[in-house]
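Understanding the architecture of this molecule
Here is how the chains run, residue by residue.
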Amino acid sequence: ENELRGKVVWVTGASSGIGEELAYQLSKIGALLAISARREDELEKISNLSEKDILVLRLDLTDRSSHEAATNSVLKHFGKIDVLVNNGGRSQRSLFVDTNLDVYSAIIELNYLGTISLTKHVLNHMIQRKKGKIVTVSSVMGIMGAPLASGYCASKHALQGFFNSLRTELTDYPEISIINICPGPVQSKIIQNVFTENLAKSIENSGDQSHKMPTDRCVRLTLVSTANDLKEAWISDHPYLAVCYLWQYAPTWAWWLMNRMGKRRIQNFKSGVDADASYSRKKK
């Protein structure tokens, strides 16, 4: 609370899920908020959550030509940006053999290129001030690979590689922190908005999400990680967290295990059950 109170925090993808919960929790601890998403009407409900200074700013991450003006709007309103939270993005539920390449292009344009474009404009300001935090909500999918999410995994791997490289370019600015947050499955609306086999198709059944980590806990741990300048935080329940460690330290075992878990994941998806349904749950 002491670290982030009074700081100007810009959250993208703030209209639902992790981004919306970030806005609520940041407001409660006294941060000054800029909240952005494509759906401005959804942002308005968040802007009424308290009397704190909140700027509602519509932003389309795929419209890279608008990012400089958006950054200037935040700076004009608050005079500074202390923390940028790159949270905007979409997941995927489709098998590669069934998926149009246009979907992969859209995923990379939104999750990767849109994110680094906005980061570039905000980073220029932070370099001038010689301080700031850039927090990127990646995913455990940026650490491992999994079926039904090949494009999403690729975009998150790209973000991991980019921000880990960017961190090494900022050694002359020790007060600029690059923080990667890697959540596992979370109870959010991300599944309802996933990419599927083609751009015009939405997912038919998002399935039960109750087995996933509550959004408020994920966000609380994200803010703790941000306040303490952790370079990378894996925020997940088991078995997904255990799989992250396997991918890091015993990749051969991880490949074997993911082949087994992946088969169940595809079966879940095809049968209308959430793909991330608990693998330990016994059949009734």
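Residues numbered from 1 in each chain as written. Predicted model: local features only at pLDDT ≥ 70, side-chain atom pairs only at ≥ 80, totals over all residues. Heavy atoms only, no water.

Looking at an unreviewed UniProt entry, one finds the protein named Dehydrogenase/reductase SDR family member 7, with Phaethon lepturus as its source organism. Under the heading Sequence similarities (unreviewed entry), UniProt records this for the protein: "Belongs to the short-chain dehydrogenases/reductases (SDR) family." (UniProt positions renumbered as here; feature names shortened; annotations may be inferred.)

With respect to the nonpolar core
By size, the foremost hydrophobic cluster in this structure holds 30 residues, and its most contacted members are Val 9, Val 11, Leu 22, Leu 26, Leu 33, Ile 35 and Val 85. Ignoring any residue separated from it by four or fewer positions in sequence, one finds Leu 22 in contact with Val 11, Val 85, Val 219, Thr 222 and Leu 223. Formed by 29 residues, the second largest nonpolar core is a distinct cluster that contains Val 8, Leu 118, Val 122 and Leu 166. (Core = buried A, V, L, I, M, F, W, Y, C linked by side-chain atoms within 4.5 Å. Buried < 20%, exposed > 50% of the residue type's maximum accessible area, 1.4 Å probe, protein only. Contact = heavy atoms within 4.5 Å.)

Observations regarding the confidence of the model for the protein
When pLDDT is averaged across the protein, the result is 91; 93% of the residues are at 70 or more. Low pLDDT (under 50) marks residues 280–284, which in the prediction has one contact with non-local residues, meaning those over four places away or in another chain. (pLDDT = per-residue confidence, 0-100.)

Here we look at the pattern of salt bridges
Counted by the stated rule, this structure contains nine salt bridges. Here Glu 3 and Lys 133 are joined by a salt bridge, their closest N and O atoms 3.6 Å apart. Of the two residues, Glu 3 is situated in the segment before β1 (8–11) and Lys 133 in strand β5 (residues 132–137); the sequence distance between them amounts to 130 residues. You can call Glu 3 partly exposed: its relative accessible area is 34%. For Glu 109, the salt bridge goes to Arg 64, with nearest N and O atoms at 2.8 Å. Residue Glu 109 is found in helix α4 (residues 101–129), and its partner Arg 64 is found in the loop between β3 (54–58) and α3 (67–78); the two are separated by 45 residues along the sequence. Look at Glu 109 and you get partly exposed, because its relative accessible area is 21%. Accessibility expressed as a relative area gives 37% for Arg 64, which makes it partly exposed. The structure contains a network of salt bridges with shared partners spanning Glu 3, Lys 7, Lys 133 and Asp 229. (Salt bridge = Lys/Arg side-chain N within 4 Å of Asp/Glu carboxyl O. Helix = DSSP H or I, 4+ residues; strand = E, 2+ residues; numbered from the N terminus.)

Overview of the sheet that holds β5
Strand order in the open sheet formed by seven strands is β3-β2-β1-β4-β5-β6-β7, and the pairing between neighbours is parallel. The sheet is open, and its two edges are formed by β3 and β7 (232–235), each paired on a single side. Taking the axes of each pair of neighbouring strands and ignoring which way they run, one obtains an average angle of 15° across the sheet. Examined bridge by bridge, strand β4 (residues 83–86) and β5 share four bridges and lie parallel to one another. Residue Leu 84 lies in a different strand from β5, and its bridge partner there is Ile 134. Where helix α6 (residues 215–227) meets the sheet, its contacts fall on β4, β5, β6 (176–183) and β7, and the angle it forms with β6 comes to roughly 155°. (Pairing = 2+ DSSP bridges. Axes fitted to C-alpha atoms, helices over the stretch in contact; angles between N-to-C directions.)

Structural notes on the pairing of β4
The two faces of β4 match: Val 83 and Val 85 on one face and Leu 84 and Asn 86 on the other face are all buried. Alignment of β1 against β4, held across three bridges, turns out to be parallel. Residue pairing in the sheet places Val 11 in a bridge with Val 85 of β4. In the classification by handedness, the crossover that spans β4, the intervening α4 and the parallel β5 is right-handed. (Right-handed = clockwise from strand over helix to strand, strands pointing away.)

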